[in-house]
Amino acid sequence: MVKFIALYKKPADVEAFEKHYQEIHAPQAMKMPGLQKFELSHMTGSPGGEPKFYMMAELYFENKEAMFGALNSEEGKAAAKDVMGFAGDIIHMMFAEIS
């Protein structure tokens, strides 16, 4: 299993960010083919004090092929275009293999 991870720094307008994310972006991302699980976490602290990131989204897929297929699908491309439009300056994305 693999996951796509999106880490978000704290947005300037938290309310607008949350509204867009919950009403538009998350439903769009959850339409990606092959998505097995979507997990959203809001950071509440860190050992060093204030956390570096505000939120983390984890999208789980069976394997790399399924993940890249989803990201390159019509739904994946729409979600990517959307996120770059409202959070392009605060997002950091990566992939991970679950062992």
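So, a few notes on the structure that sits alongside this text. Keep in mind the model is a prediction, meaning the values are calculated, not measured.

Conventions we followed
- Residues numbered from 1 in each chain as written.
- Predicted model: local features only at pLDDT ≥ 70, side-chain atom pairs only at ≥ 80, totals over all residues.
- Heavy atoms only, no water.
- Salt bridge = Lys/Arg side-chain N within 4 Å of Asp/Glu carboxyl O.
- Buried < 20%, exposed > 50% of the residue type's maximum accessible area, 1.4 Å probe, protein only.
- Helix = DSSP H or I, 4+ residues; strand = E, 2+ residues; numbered from the N terminus.
- 1 Å grid on protein atoms, 1.4 Å probe; cavity = no way out; pocket = protein on both sides within 12 Å on 5 of 7 lines; lining within 4 Å.
- Points joined across faces, edges and corners; volume = space filled by probe spheres on them.
- Nonpolar A, V, L, I, M, F, W, Y, C, P; charged D, E, K, R; others polar.
- Expected span 1.5 Å × (residues − 1).
- Arc of directions from axis to C-beta.
- Pairing = 2+ DSSP bridges.
- Axes fitted to C-alpha atoms, helices over the stretch in contact; angles between N-to-C directions.
- Contact = heavy atoms within 4.5 Å.

### Topic: the pattern of salt bridges
Okay, step 1: For the coordinates displayed, the defined rule picks out 4 salt bridges.
Okay, step 2: With a shortest N-O distance of 3.5 Å, glutamate 39 and lysine 37 are connected by a salt bridge.
Okay, step 3: You can call lysine 37 partly exposed: its relative accessible area is 41%.
Okay, step 4: Residue lysine 64 pairs with glutamate 97 through a salt bridge whose shortest N-O separation is 3.5 Å. Taken together, the residues span a long stretch of sequence, with lysine 64 in helix H2 (residues 64-71) and glutamate 97 in strand E4 (residues 91-97) at a distance of 33 residues.

### Focus: the environment of phenylalanine 53
Okay, step 1: In this fold, phenylalanine 53 is placed in the loop between strand E2 (37-42) and strand E3 (55-61).
Okay, step 2: With 38 residues separating them in the primary sequence, phenylalanine 53 and isoleucine 91 have C-alpha atoms 9.2 Å apart.

### Remarks on the layout of surface pockets
Where empty space is left becomes clear once a probe the size of a water molecule has been rolled over the atoms.
Okay, step 1: Taken as a whole, the largest pocket encloses approximately 240 Å³ of empty space.
Okay, step 2: Taken together, 19 residues line the largest pocket, and the ones lying closest to its centre are Phe4, Leu71, Ala79, Ala80 and Val83.
Okay, step 3: Those elements that place two or more of their residues in the lining of the largest pocket are strand E1 (2-8), helix H1 (14-29), E3, helix H3 (74-87) and E4.
Okay, step 4: No other element matches the 6 residues that H3 contributes to the lining of the largest pocket.
Okay, step 5: Grouping the amino acids of the lining of the largest pocket by side-chain chemistry returns 16 nonpolar, 2 polar and 1 charged.

### Quick look at H3
Okay, step 1: Between its terminal C-alpha atoms H3 stretches 20 Å, which fits the 20 Å expected from 14 residues at 1.5 Å a residue.
Okay, step 2: Taken together, the buried positions of H3 are Gly76, Ala79, Asp82, Val83 and Ala87. Considered in projection along H3, the buried side chains sweep an arc of 125 degrees and stay on one side of the axis. Exposed and oriented more than 90 degrees from the buried face of H3 are Glu74, Lys77, Lys81 and Gly85.

### Quick word on the sheet that holds E4
Okay, step 1: What the 4 strands build is an open sheet, ordered E2-E3-E1-E4; its pairing is antiparallel. Of all strands in the sheet, those bounded by a partner on one side alone are E2 and E4. Across the sheet, the axes of successive neighbouring strands diverge by a mean angle of 15 degrees, strand direction being ignored.
Okay, step 2: Alignment of E1 against E3, held across 7 bridges, turns out to be antiparallel. Of the residues in E3, the one forming a bridge with lysine 3 is tyrosine 60.
Okay, step 3: Those strands touched by H2 are E1, E3 and E4, and its axis lies near 50 degrees from that of E1.
Okay, step 4: Lying over the sheet, H3 contacts E1 and E4, oriented at roughly 140 degrees with respect to E4.

Keep in mind that these numbers describe shape and distance, not what the molecule does.
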